[in-house]
Amino acid sequence: MEKKPVLLAGATGYLGGYIAGELLSRGIPVRIVVRNRAKVNIRHDLLEVVEAGITEAPLPDHLFESIDTVISSVGITRQKDGLTYMDVDYQANANLIDGAIRNSVRKFIYISVLNGEKLRNLAICDAKEQLGDYLKQSGLDYTIIRPNGFFSDMGDFLRMAESGRVYLFGDGEKVLNPIHGADLAEVVADSIDSAEKVLEAGGPDLLTQNRIAELALQACGKPLRIIHLPDIFRRMTLGFLRTFTGVKTYGPLEFFLTTMAMDMKAPPYGIRTLEEFFREEAE
């Protein structure tokens, strides 16, 4: 049975690269839209690369020609080129939705963030949640995927561990189950034919922040030195960043510092463990 083609936006990012690889491994034709084709390091007979700037509307209709499903992992964690969260996380994705509607695309899959609906006071989450609202009202079939943090996000623990100690706020007993990009890509690919409207996804292991710190230190061959800072330091840092820096600087840190004080637990998927990831990165 012939597989229906997918338009993938965000393919040059961490998750997007895994999604492209997973779709192609399943024999699904993939058209990716990028600003610079030189950044594409995937080669495959079923892959088509189209250059276009998706922050500018309207997007060309040929981008959506013969497309069954649009998948977007477009979003910014570090603001650059003068673009804001509303420019990218909201408007670029809204442009994709508009193009999908105009060209009778069947389904739209959007990669959002776990607990984003509870964190609309954060700049990065507000843009994503406004986009989610727009998608729900679009009339398209859709799935909004809310992943936990990626293994790559846990690199901060590893970098601290390399120095011989890891700093945590509070008692370090908040839990999370981050997920590897390859495992999440399988969830995304499966959702093409899923009836789920909202799908939360985390990795297979639910870990405390203390346990993540231990794994990072062990991977680096360091003694277990975990420094617990009073949570007031976290709150003071948030206040300082919001007062004395712009959203371009504090946006990613605001999200990280806020979620550090929350349990971030999602249904488990995949087989790749953070312990293995840390060990591979340390080596």
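The present account deals with the structure reproduced in this document. Bear in mind the structure is a predicted one, so any value in this text is a computation, not a measurement.

1. Re unusual backbone geometry
- Cis peptide bonds are those with omega within 30 degrees of zero, and the linkage from alanine 57 to proline 58 qualifies with -5 degrees.
- The topology assignment puts proline 58 in the loop between strand E3 (47–51) and strand E4 (69–72).
- Phi is positive for serine 66, which is not a glycine, with a value near 70 degrees.
- Positionally, serine 66 belongs in the loop between E3 and E4.
- Here serine 66 falls in the exposed class, since its relative accessible area comes to 58%.
- Residue asparagine 115 is not a glycine yet carries a positive backbone phi of 65 degrees.
- As for its position among the elements, asparagine 115 is in the loop between strand E5 (107–111) and helix H3 (123–136).

2. Some details on the pattern of salt bridges
- For the coordinates displayed, the defined rule picks out 17 salt bridges.
- Here arginine 120 ties to aspartate 133 by a salt bridge, and the two come within 3.0 Å at their closest N and O atoms. Of the two residues, arginine 120 sits in the loop between E5 and H3 while aspartate 133 sits in helix H3, which places them 13 residues apart along the sequence.
- Owing to a relative accessible area of 34%, arginine 120 belongs among the partly exposed residues under this scheme.
- The closest approach of N and O atoms between lysine 197 and aspartate 141, which form a salt bridge, is 2.8 Å. Taken together, the residues lysine 197 in the loop between helix H5 (181–190) and strand E9 (198–201) and aspartate 141 in strand E6 (residues 141–147) connect sequence positions 56 residues apart.
- What emerges from the salt-bridge pattern is a single network uniting Asp68, Arg106, Asp141 and Lys197.

3. Overview of the packing of helix H4 (residues 155–162) against helix H6 (residues 209–219)
- Viewed as axis vectors pointing N to C, H4 and H6 meet at an angle of 55 degrees, and their least axial separation amounts to 8 Å. With respect to each other, H4 and H6 are oriented oblique. The two elements H4 and H6 cross, and the hand of that crossing is right-handed. Between H4 and H6, the contacting residues are Phe157, Leu158 and Ala161 on the first element and Gln209, Ile212, Ala213, Ala216, Leu217 and Ala219 on the second.
- Split by residue class, the contact of H4 with H6 holds eight nonpolar, one polar and no charged.

4. Looking at helix H8 (residues 247–259)
- With 13 residues, H8 extends 17 Å from end C-alpha to end C-alpha; this agrees with the ideal 18 Å at 1.5 Å per step.
- Of all the bends in H8, the greatest, near 25 degrees, is centred on leucine 253.
- All of the buried residues in H8 are Tyr250, Gly251, Pro252, Glu254, Leu257, Thr258 and Thr259.
- Where H8 is buried, its residues meet helix H2 (85–102), H3, strand E7 (166–169) and helix H7 (231–244).

5. Side note on the packing of aromatic side chains
- Scanning all chains against the criterion turns up six aromatic pairs.
- Ring centres of tyrosine 90 and tyrosine 134 lie 6.2 Å apart, and the angle between their planes is 65 degrees; on these two criteria the pair is classed as edge-to-face. In this pair, tyrosine 90 is assigned in helix H2 and tyrosine 134 in helix H3, connecting sequence segments 44 residues apart.
- For tyrosine 90, a relative accessible area of 17% corresponds to the buried category.

6. Some details on the environment of serine 194
- Within the secondary structure layout, serine 194 lies in the loop between H5 and E9.
- Separated by 52 residues in the primary sequence, serine 194 and tyrosine 142 have C-alpha atoms spaced 9.3 Å apart.
- If sequence neighbours within four positions are ignored, serine 194 has contacts with Lys107 and Thr143.
- Within polar-contact distance, the side chain of serine 194 engages the backbone nitrogen of glutamate 196 at 3.0 Å.

7. A closer look at the environment of phenylalanine 277
- Relative to the helices and strands, phenylalanine 277 is located in helix H9 (residues 274–282).
- Since its relative accessible area comes to 13%, phenylalanine 277 is described here as buried.
- As for phenylalanine 277 and leucine 47, which are separated by 230 residues in sequence, their C-alpha atoms are 29 Å apart.
- Apart from residues lying up to four places away in sequence, phenylalanine 277 is in contact with Phe151, Ser152 and His180.

8. Quick notes on a negative patch on the surface
- A contiguous patch of negative charge, built from Asp205, Glu275, Glu276, Glu280, Glu281 and Glu283, is present on the exposed surface.
- Mapped onto the elements of the fold, glutamate 280 is located in helix H9.

9. Describing a nonpolar patch on the surface
- Judged by side-chain polarity, Ile232, Phe233 and Met236 come together as a nonpolar surface patch covering roughly 300 Å² of accessible area.
- Inspection of the secondary structure puts methionine 236 in helix H7.

10. Some words on the pairing of strand E2 (residues 30–34)
- Burial analysis of E2 places five of its five residues in the buried class, which makes it a mostly covered element.
- Residues Val30, Ile32 and Val34 of E2 are buried on one face, and the alternating residues Arg31 and Val33, pointing to the opposite face, are buried as well.
- When strand E1 (residues 6–9) meets E2, the two strands line up parallel, connected through four bridges. Bridging from a neighbouring strand, valine 6 pairs with valine 30 of E2.
- After leaving E1, the chain enters helix H1 (residues 14–25) and then returns to the sheet as E2, a path that is right-handed.
- In this sheet, E3 lies alongside E2 in parallel orientation, the contact comprising five bridges. Note on E3: the bridge partner recorded for valine 33 is valine 50.

The rules behind the values
- Residues numbered from 1 in each chain as written.
- Predicted model: local features only at pLDDT ≥ 70, side-chain atom pairs only at ≥ 80, totals over all residues.
- Heavy atoms only, no water.
- Helix = DSSP H or I, 4+ residues; strand = E, 2+ residues; numbered from the N terminus.
- Buried < 20%, exposed > 50% of the residue type's maximum accessible area, 1.4 Å probe, protein only.
- Salt bridge = Lys/Arg side-chain N within 4 Å of Asp/Glu carboxyl O.
- Axes fitted to C-alpha atoms, helices over the stretch in contact; angles between N-to-C directions.
- Parallel < 35°, antiparallel > 145°, perpendicular 65-115°, else oblique.
- Left-handed = near helix turned anticlockwise from the far one by under 90°.
- Contact = heavy atoms within 4.5 Å.
- Nonpolar A, V, L, I, M, F, W, Y, C, P; charged D, E, K, R; others polar.
- Expected span 1.5 Å × (residues − 1).
- Bend = angle between axes of the 7 residues up to and from the residue.
- Phe/Tyr/Trp six-rings, centres within 6.5 Å; stacked < 30°, edge-to-face > 60°.
- Polar contact = N/O pair within 3.5 Å; in protein donor to acceptor, adjacent residues only side chain to side chain.
- Patch = residues over 30% accessible without salt bridge, like charges linked within 9 Å, V, L, I, M, F, W, Y side chains within 5 Å.
- Areas by Shrake-Rupley, 256 points an atom, 1.4 Å probe, with all protein chains shown as cover.
- Lys, Arg positive; Asp, Glu negative; His and termini not counted.
- Charge placed at Lys NZ, Arg CZ, Asp CG, Glu CD.
- Pairing = 2+ DSSP bridges.
- Right-handed = clockwise from strand over helix to strand, strands pointing away.

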